[in-house]
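# Architecture at a glance
The lines below spell out each chain.
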Amino acid sequence: MFKRVMVAVVGIPFLILVLGVAPEWATMVLVCGMCAVGAWELMHAVAGKAGQALTPLAVLSAALVPVCVYMEMSIRYAELTALPVLPLTGLLGTAMVVALFVVSIRRYGSERAVPFAAITAALFAGLVFPLMLSCLLRLRMVPSVGMLLVFLPLCISFGSDTFAFFTGLLFGKHKLTPVSPKKTAEGAVGGLIGGVIGTALMMAVGSCVLADAFWDFKLLALFGLVGSAVSQIGDLSFSVIKREFGVKDYGNLLPGHGGVLDRFDSVTFVAPFVWLILGMY
């Protein structure tokens, strides 16, 4: 518990500084690092010995996805530019798929043959996961309000995780799912409340900074409720992977929390949810 608290004490101010104060490129660098580490963690957890040959490709692709997102959005939001808006992430994804199958073709029939399961793991680690997490960068780069919107997935996710943990600890009696034996139905309900509270806090801060930039309380409460459900699904989704491959934690980068995937599993799901919903307004 002490390690978890210390990481939070150091990590929260760091995230506020990088995401809310520093320039947008700092968020890109942070997300690049998180995606690269997360891809490495996932490949070492699920790819097996035969699939480790694909780890460098997955890590490289994961680190480049936020760069492509940053370049695309920089051009899109520029008022005057002669640069064309190219589908950089699409081009990267195509190159990644081709490269993976080239490696698979070259090694086919040998002792170093790459199983298809390792290819799908590399695609998830190198493309799907970083594309989802890069929605944090997309939110940060929204003109005028990005430095506030980027914290919305974090508030929903961390609020949900925190309230779910303490509610389950104090009142938990009914097991939620075999995927995560320590999680309870009572904790899940507490997590829903925590998501709403996290969203409400975000609304309060946002209203003080930009009064016209945020919805009314009822809409945000519903937003936080659904967002918390998505957060818990994200948490359980990565737990399914760990249980199937017998992994306790994806890594040990964050003492008391595990690896990047252990700490930001729910954020990985909530960030695209927030980005897509806000894109409708």
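Structure first, text after, so check above.
Throughout, a residue's number is its position along its own chain's written sequence, starting from 1. Predicted model: local features are reported for residues with pLDDT of at least 70 only, side-chain atom pairs are reported and counted for 80 or more only, and whole-chain, interface and lining totals are derived from all residues. Only hydrogens and water are removed before side-chain values are computed, so all heavy atoms of the structure are retained for them.

### Observations regarding the overall build of the protein
Only DSSP runs of H or I with at least four residues qualify as helices, and only runs of E with at least two residues qualify as strands; both kinds are numbered from the N terminus onward. Counting secondary structure elements, the protein contains twelve helices and zero strands. Counting helices and strands in the order they occur from the N terminus, the protein gives α-α-α-α-α-α-α-α-α-α-α-α. The C-alpha extent of the protein, read off along each of the three principal axes, is 60 × 60 × 30 Å. Accessibility here uses a 1.4 Å probe with only protein chains present; expressed as a share of the type maximum, an area under 20% marks a residue as buried, one over 50% as exposed, and anything in between as partly exposed. Classification of the 281 residues of the protein by burial places 45% in the buried group. Residues are treated as being in contact if the distance between any of their heavy atoms lies within 4.5 Å. Excluding contacts between residues fewer than 6 apart, the proportion of contacts in the protein whose partners are at least 24 apart in sequence is 71%. Each accessible area is a Shrake-Rupley result for a 1.4 Å probe, and residues are judged covered by the shown protein chains and nothing else. About 14,300 Å² of surface is accessible on the protein, with carbon and sulfur atoms providing 73% of the total. Both charge centroids of the protein, one from 18 positive and one from 14 negative side chains, sit 8 Å from each other. His is not counted, nor are the chain ends; Lys and Arg add positive charge and Asp and Glu add negative charge. To locate a charge, take atom NZ for lysine, CZ for arginine, CG for aspartate or CD for glutamate.

### Concerning the pattern of salt bridges
Between side chains of opposite charge, a pair can form as their charged atoms come close. Any Lys or Arg side-chain nitrogen located within 4 Å of an Asp or Glu carboxyl oxygen qualifies as a salt bridge. Taken as a whole and judged by the stated rule, the model has four salt bridges. Two residues, Asp-235 and Lys-183, come together in a salt bridge whose shortest N-O distance is 3.0 Å. In this pair, Asp-235 sits in helix α11 (residues 217–245) while Lys-183 sits in the loop between α9 (151–171) and α10 (185–209), placing the two residues 52 residues apart along the sequence. Assessed through its relative accessible area of 27%, Lys-183 is described here as partly exposed. Salt-bridge contacts for Lys-248 lead to Asp-249; the nearest nitrogen and oxygen are separated by 3.6 Å. The class of Lys-248 is exposed, set by a relative accessible area of 67%.

### Considerations on the packing of aromatic side chains
The geometry of an aromatic ring pair is captured by two quantities: the separation of the ring centres and the angle between the planes. Stacked, edge-to-face and tilted are the three classes for Phe, Tyr and Trp ring pairs, Trp counted by its six-membered ring, which pair at centre distances within 6.5 Å; planes under 30 degrees apart are stacked, over 60 edge-to-face, the rest tilted. For the coordinates displayed, the defined rule picks out six aromatic pairs. Taking the centre distance of 6.3 Å and the plane angle of 55° together, the rings of Phe-124 and Phe-238 count as tilted. Here Phe-124, found in helix α6 (residues 116–133), pairs with Phe-238, found in helix α11; they are 114 residues apart in sequence, far enough to count as distant. The exposure class of Phe-238 is buried, given its relative accessible area of 2%. Members of the aromatic cluster, joined through ring pairs, are Phe-124, Phe-238, Tyr-250 and Phe-269.

### Quick look at unusual backbone geometry
Within the chain, Ser-144 stands out as a residue other than glycine whose phi angle is a positive 75°. Within the secondary structure layout, Ser-144 lies in the loop between α7 (135–140) and α8 (146–149). According to the relative accessible area criterion, Ser-144 is exposed, its value standing at 60%.

### Re α11
Residue count minus one, scaled by 1.5 Å, sets the expected span of a helix. End to end, α11 covers 42 Å across 29 residues, agreeing with the expected 42 Å (1.5 Å per residue, within 8%). Positive backbone phi, at 65°, marks Gly-246, one or two positions downstream of α11.

### Description of the nonpolar core
The nonpolar side chains of a soluble globular protein tend to be buried with one another. If you look at the biggest cluster of nonpolar residues, it comprises 65 residues, and the most contacted ones within it are Leu-19, Met-43, Leu-54, Ala-122, Leu-133 and Val-274. Take this core: its biggest share by element is twelve residues, from helix α2 (residues 24–46). In this structure Met-43 touches Gly-48, Gly-51, Gln-52, Leu-54, Thr-55, Ala-58, Ala-118, Ala-121, Ala-122 and Ala-125, once residues within four positions along its chain are discounted. We define a nonpolar core as any set of buried Ala, Val, Leu, Ile, Met, Phe, Trp, Tyr and Cys residues linked to one another through side-chain atoms lying within 4.5 Å.

### Here's the deal with the packing of α9 against helix α12 (residues 260–278)
Remark: α9 packs on α12, axes separated minimally by 9 Å, with the N-to-C direction vectors making an angle of 135°. When the axes of α9 and α12 are compared, the pair comes out oblique. As α9 packs across α12, the resulting crossing turns out to be right-handed. Between α9 and α12, the contacting residues are Leu-152, Pro-153, Leu-154, Ile-156, Ser-157, Phe-158 and Asp-161 on the first element and Arg-263, Phe-264, Ser-266, Val-267, Val-270, Ala-271 and Val-274 on the second. In this analysis, axes come from line fits to C-alpha atoms, helices being fitted only over the stretch in contact, and the angle between any two N-to-C directions falls in the range 0 to 180 degrees. Note on terminology: angles under 35 degrees are roughly parallel, angles over 145 are roughly antiparallel, angles of 65 to 115 are roughly perpendicular, and the others are oblique. We call a crossing left-handed when the near helix sits turned anticlockwise from the far one by less than a right angle, and right-handed when that turn is clockwise.

### A look at the packing of α2 against helix α4 (residues 55–77)
Contact geometry of α2 with α4 gives a least axis separation of 8 Å together with a crossing angle of 155°. With respect to each other, α2 and α4 are oriented roughly antiparallel. Like other packed secondary-structure pairs, α2 and α4 cross with a definite hand, here right-handed. Two secondary-structure elements touch here, α2 through Glu-24, Trp-25, Met-28, Val-31, Cys-32, Cys-35, Ala-36, Ala-39, Trp-40, Met-43 and His-44 and α4 through Thr-55, Ala-58, Val-59, Ala-62, Ala-63, Pro-66, Val-67 and Tyr-70.

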